[in-house]
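Descriptive analysis of the structure
If you want the building blocks of each chain, they are given just below.
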Amino acid sequence: VASFSEKPIAPDSKSSCVAQRGSASVMPPSYKDFTNNFPVLFEYYKAWSRMSREDEKVVSDLHQHYVQTQVTWTEKTGGIIAIHDWAVRRVVIWSGFNFTKAKSFCMRKNHPKGKGCLTEGCNYVHKCLLCESSEHGVYEVRSNGTYMCDKLRNWDSELEAYRECYGELDEEQLRLLAKKGPLSAQPKVALTQNSMFGGRASPKVNLFGALGGDSSSDDEDKNELAAQVADENDRSSQ
């Protein structure tokens, strides 16, 4: 996995943010803005967009495995929650879409309480869900309370900048944008606790209960791509 350094939002993008906030309807970012100004977000959605039906079946199977074996996460407040959808997807990507290998990943190491795995003699693989470092879990914190994972801190910075420019994240829209390029419009999604971002968005359709790849037909994709190109040309001429 590539490492990402802190990368501020470009000046022209900041100007675009001001214009966006003053408009009645907020458009999604262009493909160029998405890749250049939000590299960590883009990497996640790009990896998701490349999943085949077979890959998504592994995600669904692992999600069900966690439910059946009562693998859960502990929040900072002490509450017990189901493993977030984004985390299941990340484990499967790390495993190379191998279900047996995915089951060997330690979720205790990555729980939101931020204390890592406290099980003595744990034989599961101890790596960060995001950067795959063996030195920490994704939510592990230093003594001063800051996250140890640089990539998670970058994610949070990009998320804040994205929301300032474009409003709440639309997961399906960003997945398709990462896959195909600029989009003119996509259906909105509901906010749930299962997404990667705090308050946090995920599609109304349960992506792990009925994963089946892209539902659009080839003709729909072609029409969508034509609309994307036209939209991008309109932006360039402005």
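Focus on the overall build of the protein chain
- Counting its secondary structure elements, the protein chain contains nine helices and two strands.
- Helices (α) and strands (β) of the protein chain occur, in sequence order from the N terminus, as α-α-α-α-β-β-α-α-α-α-α.
- Sorting the 238 residues of the protein chain into buried and exposed places 44% on the buried side.
- With an accessible surface of roughly 12,300 Å², the protein chain has 50% of that area assigned to carbon and sulfur atoms.

Points about the pattern of salt bridges
- Going through the model one piece at a time under the given rule, you end up with seven salt bridges.
- The partner of Lys109 in a salt bridge is Glu140, and the shortest N-O contact between them spans 3.0 Å. Here Lys109 is found in the loop between helix 6 (99-102) and helix 7 (150-166), whereas its partner Glu140 is found in the loop between helix 6 and helix 7, with 31 residues between them in sequence. Like Lys109, the residue Glu140 is buried in the burial classification.
- Of the charged contacts in the structure, one is a salt bridge between Arg153 and Asp150, with a shortest N-O distance of 2.2 Å. With Arg153 and Asp150 both in helix 7 and three residues apart, the pair spans about one turn of that helix.
- Looking at Arg153, the relative accessible area reads 26%, which means it is partly exposed.

Re the nonpolar core
- Core analysis: the biggest nonpolar cluster contains 43 residues, and Phe34, Trp73, Trp86, Val91, Met107 and Leu129 have the highest contact counts within it.
- For this core, the elements supplying multiple residues, two or more each, are helix 3 (39-49), helix 4 (53-68), helix 5 (85-94), helix 7 and helix 8 (171-180).
- For Phe34, the contacting residues outside a window of four places in its chain are Pro29, Pro39, Leu41, Phe42, Tyr45, Leu174, Leu177 and Ala178.

Some words on the side chain of Lys109
- Overall, Lys109 belongs to the buried group, its relative accessible area being 12%.
- A polar contact of 3.0 Å, which involves the side chain of Lys109, links it to the side chain of Glu140.

What about the packing of helix 3 against helix 5?
- The geometry of helix 3 relative to helix 5 is characterised by a closest axis approach of 11 Å and an angle of 70 degrees between their N-to-C directions. Considering their axes alone, helix 3 and helix 5 lie roughly perpendicular with respect to each other. Contacts from Tyr44, Ala47 and Trp48 of helix 3 reach helix 5 at Trp86, Arg89, Arg90 and Ile93.

A word on helix 7
- Under the 1.5 Å per step criterion, the end-to-end length of helix 7 is 24 Å for 17 residues, consistent within 8% with the ideal 24 Å.
- Taken residue by residue, helix 7 has Lys151, Leu152, Asn154, Trp155, Glu158, Leu159, Ala161, Tyr162, Cys165 and Tyr166 as its buried positions.
- Gly167 lies just past helix 7 and shows a positive phi near 85 degrees.

Brief notes about the packing of aromatic side chains
- One pass over the structure, following the stated rule, counts 13 aromatic pairs.
- Centre to centre, the rings of Phe34 and Phe42 are 5.4 Å apart; their planes meet at 85 degrees, and the pair counts as edge-to-face.
- An aromatic cluster is present here, built from Tyr44, Tyr45, Trp48 and Trp155 joined pairwise through their rings.

Side note on unusual backbone geometry
- Backbone geometry at Gln70 places phi at a positive 55 degrees, although glycine is not the residue there.
- Within the secondary structure layout, Gln70 lies in the loop between helix 4 and strand 1 (72-74).
- With phi around 65 degrees, Phe97 is a residue other than glycine that occupies positive phi space.
- Tracing the backbone shows Phe97 in the loop between helix 5 and helix 6.
- According to the relative accessible area criterion, Phe97 is partly exposed, its value standing at 30%.

Here we look at the environment of Phe34
- With respect to the helices and strands, Phe34 occurs in helix 2 (residues 31-37).
- In this structure Phe34 comes out as buried when scored by relative accessible area, which is 0%.
- Placed 128 residues apart in sequence, Phe34 and Tyr162 show a C-alpha to C-alpha distance of 9.2 Å.

Let's talk about the environment of Asn144
- Residue placement: Asn144 occurs in the loop between helix 6 and helix 7.
- Of note is the side chain of Asn144, whose polar atom sits 2.7 Å from the side chain of Thr146.

Calculation criteria
- Residues numbered from 1 in each chain as written.
- Predicted model: local features only at pLDDT ≥ 70, side-chain atom pairs only at ≥ 80, totals over all residues.
- Heavy atoms only, no water.
- Helix = DSSP H or I, 4+ residues; strand = E, 2+ residues; numbered from the N terminus.
- Buried < 20%, exposed > 50% of the residue type's maximum accessible area, 1.4 Å probe, protein only.
- Areas by Shrake-Rupley, 256 points an atom, 1.4 Å probe, with all protein chains shown as cover.
- Salt bridge = Lys/Arg side-chain N within 4 Å of Asp/Glu carboxyl O.
- Core = buried A, V, L, I, M, F, W, Y, C linked by side-chain atoms within 4.5 Å.
- Contact = heavy atoms within 4.5 Å.
- Polar contact = N/O pair within 3.5 Å; in protein donor to acceptor, adjacent residues only side chain to side chain.
- Axes fitted to C-alpha atoms, helices over the stretch in contact; angles between N-to-C directions.
- Parallel < 35°, antiparallel > 145°, perpendicular 65-115°, else oblique.
- Expected span 1.5 Å × (residues − 1).
- Phe/Tyr/Trp six-rings, centres within 6.5 Å; stacked < 30°, edge-to-face > 60°.

Everything listed is a geometric property; what it means functionally is a separate question.
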